[in-house]
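Close look at the chain arrangement
Spelled out from the first residue to the last, the chains are:
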Amino acid sequence: MRKKIVAGNWKMNLSFEEGQQLTSELVNMFKDEAIQDVVVVINPPFPHLYPVQRLVGDTAGVFLGAQNCSDKESGAFTGEVSAKILASFGVSYVILGHSERREYFKEDQTLLATKVNQALAHGLTPIFCCGESLEIRESGTHEETVKAQVTASLFHLSPEEFSKVVIAYEPIWAIGTGKTASAEQAQEMHAALRSHLASKYGQAIAEQTSILYGGSANPGNAKELFGKPDVDGGLIGGASLKSRDFIEIVKSF
Ligand code: 13P
């Protein structure tokens, strides 16, 4: 059975104190209300990773993720953080291909493929994001656009490598806008993605790949989204900054 995953993407938010406070609240809630069968990933900005890790300790089911990694292995690349360094700090996941990185940092499909390789080479699980703009959705080419993103940055992987990847469908028009994709729209895209994965890697691998939904997910809509057969969890932005909201989302399964 594929993993159910809820990942919180803090983006570029929270001071050291705020991050510690939020993490302490989450850890306490996870101790009080044991979360069964759901993998929780906390993806803070880089400087938070180590102190957050120390607070999380061995809390069952909670893992650490980064929001990005370099496409390079190591060396003179000022300001970059490699997958190798992240792995050495106990990081398990890395978000790659987020639309904000594609748009503001001009990350293209070839660069993303290299980042995916780096992540896998160092034992990190990529949470690979894909999603369409409003314009593309309205033109009706959203499915082929999203499938093409997956093909371009992931389909060079061997079946063994690919089976370690998590996918997050994040329609750009739903990110931070308060406008969630309906559960039906999410299900439709997730099912299309799964059949696309099956066409390349076969049904068994497609069936065990977790596909998360992201874009204005919150405690009010998570249950309906997660209730769909091909929605295996969420990548949560704004609502991951509030402990109660995040926990409610985790408990929505
Ligand atoms: P919001 O949940 O704030 O819409 O952000 C979604 C997202 O981009 C997560 O990566």
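All of the points below concern the structure found in this document. (Residues numbered from 1 in each chain as written. Predicted model: local features only at pLDDT ≥ 70, side-chain atom pairs only at ≥ 80, totals over all residues. Heavy atoms only, no water.)

**Here we look at helix H2 (residues 49-56)**
Restricting attention to buried positions, one finds in H2 the residues Leu-49, Pro-51, Val-52 and Val-56. Looking at the packing, one finds that the buried side of H2 touches helix H1 (16-32), strand E2 (38-43), strand E3 (62-66) and helix H3 (83-88). Just downstream of H2, Gly-57 is the residue with a positive phi angle, here 50 degrees. (Buried < 20%, exposed > 50% of the residue type's maximum accessible area, 1.4 Å probe, protein only. Helix = DSSP H or I, 4+ residues; strand = E, 2+ residues; numbered from the N terminus. Contact = heavy atoms within 4.5 Å.)

**Some thoughts on the packing of helix H7 (residues 142-154) against helix H9 (residues 183-201)**
At a closest axis distance of 10 Å, the pairing of H7 and H9 adopts a crossing angle of 40 degrees. On the basis of the axis angle, H7 is oblique to H9. Judged by the sense of rotation from one axis to the other, the crossing of H7 with H9 is right-handed. Between H7 and H9, the contacting residues are His-142, Glu-143, Val-146, Lys-147, Val-150, Thr-151 and Leu-154 on the first element and Glu-188, Met-189, Ala-192, Leu-193, His-196, Leu-197 and Tyr-201 on the second. Across the contact of H7 with H9, the residue classes tally to eight nonpolar, three polar and three charged. (Axes fitted to C-alpha atoms, helices over the stretch in contact; angles between N-to-C directions. Parallel < 35°, antiparallel > 145°, perpendicular 65-115°, else oblique. Left-handed = near helix turned anticlockwise from the far one by under 90°. Nonpolar A, V, L, I, M, F, W, Y, C, P; charged D, E, K, R; others polar.)

**Side note on a nonpolar patch on the surface**
Among the surface-exposed residues, Tyr-50, Ile-85 and Phe-89 lie close enough to one another that they form a single nonpolar patch of about 290 Å² accessible area. You can see Ile-85 is positioned in helix H3. For Ile-85, a relative accessible area of 42% puts it in the partly exposed group. (Patch = residues over 30% accessible without salt bridge, like charges linked within 9 Å, V, L, I, M, F, W, Y side chains within 5 Å. Areas by Shrake-Rupley, 256 points an atom, 1.4 Å probe, with all protein chains shown as cover. Salt bridge = Lys/Arg side-chain N within 4 Å of Asp/Glu carboxyl O.)

**Here's the deal with the side chain of Glu-170**
Mapped onto the fold, Glu-170 is located in the loop between strand E6 (166-169) and H9. The buried charged residue Glu-170 lacks any salt bridge partner; its closest oppositely charged side chain belongs to Lys-11, at an N-O distance of 6.0 Å. Apart from the residues within four sequence positions on either side, Glu-170 is in contact with His-98, Cys-129, Cys-130, Gly-131, Glu-132, Ile-175, Gly-214, Gly-215 and Leu-235. (Lys, Arg positive; Asp, Glu negative; His and termini not counted.)

**As for the site of the ligand**
Surrounding the ligand, one finds Asn-9, Lys-11, His-98, Glu-170, Ala-174, Ile-175, Gly-176, Gly-215, Ser-216, Leu-235, Gly-237 and Gly-238. Between the ligand and Lys-11, the relevant distance is 2.8 Å, taken from an oxygen atom to a side-chain nitrogen or oxygen of the residue. Here the ligand has 300 Å² of accessible area as a free molecule, and 94% of this is covered by the chains. Per-class residue counts for the shell around the ligand are three nonpolar, seven polar and two charged. (Near = heavy atom within 4 Å. Polar contact = N/O pair within 3.5 Å; in protein donor to acceptor, adjacent residues only side chain to side chain.)

**Some remarks on the pairing of strand E5 (residues 125-130)**
Counting buried positions along E5 yields six of six residues, so the element is predominantly enclosed. Alternating positions in E5 separate into two faces, Thr-125, Ile-127 and Cys-129 on one and Pro-126, Phe-128 and Cys-130 on the other, with burial throughout. Here strand E4 (residues 93-96) pairs with E5 via four bridges, running parallel. Each bridged residue has a counterpart across the sheet, and for Val-94 the counterpart in E5 is Pro-126. Note that E5 and E6 share four bridges and pair parallel. Bridge assignment links Phe-128 to a residue of E6, and that residue is Ile-167. (Pairing = 2+ DSSP bridges.)

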